[in-house]
Amino acid sequence: MKKIQLQTPLSKKEIKKLSVGDTVFLTGKLFTARDETHKKMIELKKKGKKTPFNPEDMALYHAGPVVRKEKNKWLIVSAGPTTSARMEIFESEFLSLFGVKMIIGKGGMGKETLKALRKTGAVYTHFTGGAGALAAKAIKKVENVYFLDELGIPEAAWILEVEKFGPLVVTMDANGNSFYEKNKTK
Amino acid sequence: MAKISKKNIEEILIEAIEKAETELPVDVTKALKKAYNIEKGLAKIQLEAILKNIKIASREAVPMCQDTGIMSFYIQAGNEFKYLTDLKKMLGKAVKRATKEIPLRPNTIDPFTGKNENNNTGRYIPHITWNITKGNECTIDILPKGGGSENMSALWMLNPGEGLGKAKKLIVEHIKNAGGKPCPPTIAGIGIGGGADICMELAKKAVLRKIGERHKEKKVAKIEKELLELINKTGVGPMGLGGKTTVLDVHIEYAHRHPASFPMGLILQCWASRKKTIKFTKKGSIKII
């Protein structure tokens, strides 16, 4: 159980070193994606169309924020994690298509994602559910937003710059270990 | 306390919604602090983040959780309450304005088209439960509730022959399987009896009760205490990462049942158990509690 500071873009080596129980604070770039953005991005990629952004060097955050617009600039008011289990049906495909190295969510994910994390060299981290105000404090800037008109505020893809975002507890690592599987067999 | 005029009621409703979204009630904060003191390891890290989050939210008047929920109002109004017939409209307007002004996350979506109304109102939403009494007073309980915990709700139509013993087992098992999904430590609201709809309604109302307050009837209070202990022995812990605190409390409400049925509903409320009460007094003033 270590406390680790990391910065995006994340390297394969850094990810491999993380184990279940480690706590990470992340600096760099995140993009939010819930059910609809997952669906949309996978569809575009599979049709051979261009995606509006390249997620590869960012962490994927399961979240739908409360936002406010001030002088034409978006501000994040509150932005804790959403339940990751809903994204289980998309995640293994998403990881293979886009090469994202870190997922941030809450509540954990299933077997398919665990397999994909191992295969693609990525980790799943758990952020404290409901800690929306704490998360917003660590978000320094909204860099962009995609699919806003089409999907609405919660489901849109928000590109965020963060500083010491966390605590993120590694609960599924890149070596096939899952906190959730371990607890099931107990 | 403020004097009532039609104009300022809307402002006070918005203020109450803002307070509900940004400040946790004292009983909840106290229970979370107590949990922080007894937990260690990952559980303590989670509670530390929760307590920090509560502080930031109330200091900066921002919603403590990004899922600002769908709004339910429980109204107890006297038949002579001056604004009885206007209240529904006023609440709808207040929710729309609160969504923009606080702001809240727009959470009302047409299930057929997927269209977001962008103002937290829509068909049957906000949900209002009426209880009409005598007199000119009115009490409104505000309950904004998030989707993550609501998704872990359950309804059982039990065999009366299996009764309470089975009921207890099912509750403990369900909360164990839910793990971190409803954002524990949660408050478990349980409704027993009536019909399918009645027990679910009672279960939801039960989460409004103060933490630590037992049901008035001893036979019910005893089961609340027993379940509290059993659930916290599962080890699910804060955010499902292991620990002693899975629920902050268990509240049961009941109705008489049909001889052939034993309905039981479970509603879990996340640690961000947001609630506020507005009281219109006899003498014509309003207060937010």
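Given the structure is predicted, the values throughout are model-derived calculations rather than measurements.

**Considering the overall build of chain A**
Piece 1. The helix and strand tally for chain A stands at seven helices and nine strands.
Piece 2. Radius of gyration (C-alpha) of chain A: 15 Å, near the 16 Å computed for a compact globule of 186 residues.
Piece 3. Dimensions of chain A, computed from C-alpha atoms along their principal axes, come out at roughly 50 × 40 × 30 Å.
Piece 4. Among the 186 residues that make up chain A, the fraction classed as buried is 52%.

**Side note on the domain arrangement of chain B**
Residues and elements named next belong to chain B.
Piece 1. Partitioning chain B into domains gives domain 1 (2-22 + 64-146 + 274-288) and domain 2 (148-269).
Piece 2. The distance between the C-alpha centroids of domain 1 and domain 2 comes to 26 Å.
Piece 3. Each side of the interface is counted separately: domain 1 has seven residues, and domain 2 has six residues.
Piece 4. Sorting elements by how many residues they give to the side of domain 1 that touches domain 2 places strand E4 (residues 138-145) first, with three residues.

**As for the interface of chain B and chain A**
Piece 1. Each side of the interface is counted separately: chain B has 33 residues, and chain A has 31 residues.
Piece 2. Residue contributions to the side of chain B that touches chain A peak at ten residues, all from helix H3 (residues 41-60) of chain B.
Piece 3. Taken together, the residues of the side of chain B that touches chain A break down into 19 nonpolar, ten polar and four charged.

**Concerning the nonpolar core**
Piece 1. Residues Ile104, Ala122 and Val123 of chain A together with Ala188 and Ile190 of chain B are the most contacted members of the largest nonpolar core, which totals 135 residues.
Piece 2. Top element by residues in this core is strand E9 (residues 157-172) of chain A. It accounts for nine residues.
Piece 3. Here this core spans two domains, since at least three of its residues come from each of domain 1 (2-22 + 64-146 + 274-288) and domain 2 (148-269) of chain B.

**A few points about the sheet that holds strand E6 (residues 186-194) of chain B**
What links the strands of a sheet is backbone hydrogen bonding, and the strands pair in either a parallel or an antiparallel sense.
All names here are of chain B.
Piece 1. Sheet architecture is open: four strands sit in the order E5-E8-E6-E7, paired in mixed fashion. Lying at the two open borders of the sheet, with one neighbouring strand each, are strand E5 (154-158) and strand E7 (247-257). Each strand of the sheet is rotated relative to its neighbour by a mean of 15°, with strand direction disregarded.
Piece 2. Note that E6 and strand E8 (residues 262-269) share six bridges and pair antiparallel. Among the inter-strand pairings, Ala188 is bridged to a residue of E8, identified as Leu268.
Piece 3. Across the sheet, helix H8 (residues 218-232) lies against E6 and E7, angled at about 140° from E7, the strand it touches most.

**Let's talk about unusual backbone geometry**
Piece 1. Along the chain, Thr8 of chain A connects to Pro9 of chain A via a cis peptide bond; the corresponding omega equals -5°.
Piece 2. Along the chain, Pro9 of chain A falls in the loop between strand E1 (3-7) and helix H1 (12-17).
Piece 3. A cis geometry characterises the amide bond from Ile125 of chain B onward to Pro126 of chain B, with omega recorded as 0°.
Piece 4. You can see Pro126 of chain B is positioned in the loop between helix H4 (87-101) and strand E3 (127-133).
Piece 5. Unusually for a residue other than glycine, Ala61 of chain B sits at a positive phi of about 50°.
Piece 6. With respect to the helices, strands and loops of the structure, Ala61 of chain B is situated in the loop between H3 and strand E2 (70-78).
Piece 7. Residue Ala61 of chain B is classed as partly exposed on the basis of its C-beta count, with 13 C-beta atoms lying within 10 Å.
Piece 8. Although it is not a glycine, Cys183 of chain B adopts a positive phi angle of roughly 60°.
Piece 9. Topologically, Cys183 of chain B is positioned in the loop between helix H6 (163-178) and E6.
Piece 10. The exposure class of Cys183 of chain B is buried, given the 32 C-beta atoms found within 10 Å.

**A closer look at the environment of Lys12 of chain A**
Residues and elements named next belong to chain A.
Piece 1. Looking at the secondary structure, you find Lys12 in helix H1.
Piece 2. In this structure Lys12 comes out as exposed when scored by C-beta crowding, with 12 C-beta atoms within 10 Å.
Piece 3. Put simply, Lys12 and Lys101 are 89 residues apart on the chain and 7.7 Å apart in space, counted from C-alpha to C-alpha.

**Concerning helix H1 (residues 6-22) of chain B**
Residues and elements named next belong to chain B.
Piece 1. Between its first and last C-alpha, H1 extends 25 Å over 17 residues, near the 24 Å set by a 1.5 Å rise per residue.
Piece 2. The complete set of buried residues in H1 reads Ile9, Leu13, Ile14, Ala16, Ile17, Ala20, Glu21 and Thr22.
Piece 3. At its buried positions, H1 is contacted by H3, H4, E4, strand E9 (276-280) and strand E10 (285-288).

**Things to note about the pairing of strand E5 (residues 73-78) of chain A**
Residues and elements named next belong to chain A.
Piece 1. Direction of pairing for strand E4 (residues 66-70) relative to E5: antiparallel, over a ladder of five bridges. Its bridge partner being in E5, Glu70 is matched across the sheet by Lys73.
Piece 2. The hairpin turn running from E4 into E5, its antiparallel successor, is two residues long, and Lys71 in that turn takes a positive phi close to 45°.

**Describing the packing of H1 of chain B against H4 of chain B**
All names here are of chain B.
Piece 1. H4 packs onto H1 with a crossing angle of 55° between their chain directions and a minimal axis gap of 9 Å. Judged on the interaxial angle alone, H4 and H1 are oblique. For the pair H1 and H4, the sense of crossing is right-handed. Side by side, H1 and H4 meet where Ile9, Glu10, Leu13, Ile14, Ile17 and Glu18 of the first sit next to Met90, Leu91, Lys93, Ala94, Arg97, Ala98 and Glu101 of the second.
Piece 2. Residue composition of the contact of H1 with H4, grouped by class: eight nonpolar, no polar and five charged.

About the cut-offs
Residues numbered from 1 in each chain as written. Chains lettered and ligands numbered in written order. Predicted model: local features only at pLDDT ≥ 70, side-chain atom pairs only at ≥ 80, totals over all residues. Helix = DSSP H or I, 4+ residues; strand = E, 2+ residues; numbered from the N terminus. Rg over C-alpha atoms; globule rule 2.2 N^0.38 Å. Buried ≥ 20, exposed ≤ 12 C-beta atoms within 10 Å, placed from the backbone. Domains from an automatic or database assignment. Contact = placed C-beta atoms within 7 Å. Nonpolar A, V, L, I, M, F, W, Y, C, P; charged D, E, K, R; others polar. Core = buried A, V, L, I, M, F, W, Y, C linked by C-beta atoms within 7 Å. Pairing = 2+ DSSP bridges. Axes fitted to C-alpha atoms, helices over the stretch in contact; angles between N-to-C directions. Expected span 1.5 Å × (residues − 1). Parallel < 35°, antiparallel > 145°, perpendicular 65-115°, else oblique. Left-handed = near helix turned anticlockwise from the far one by under 90°.

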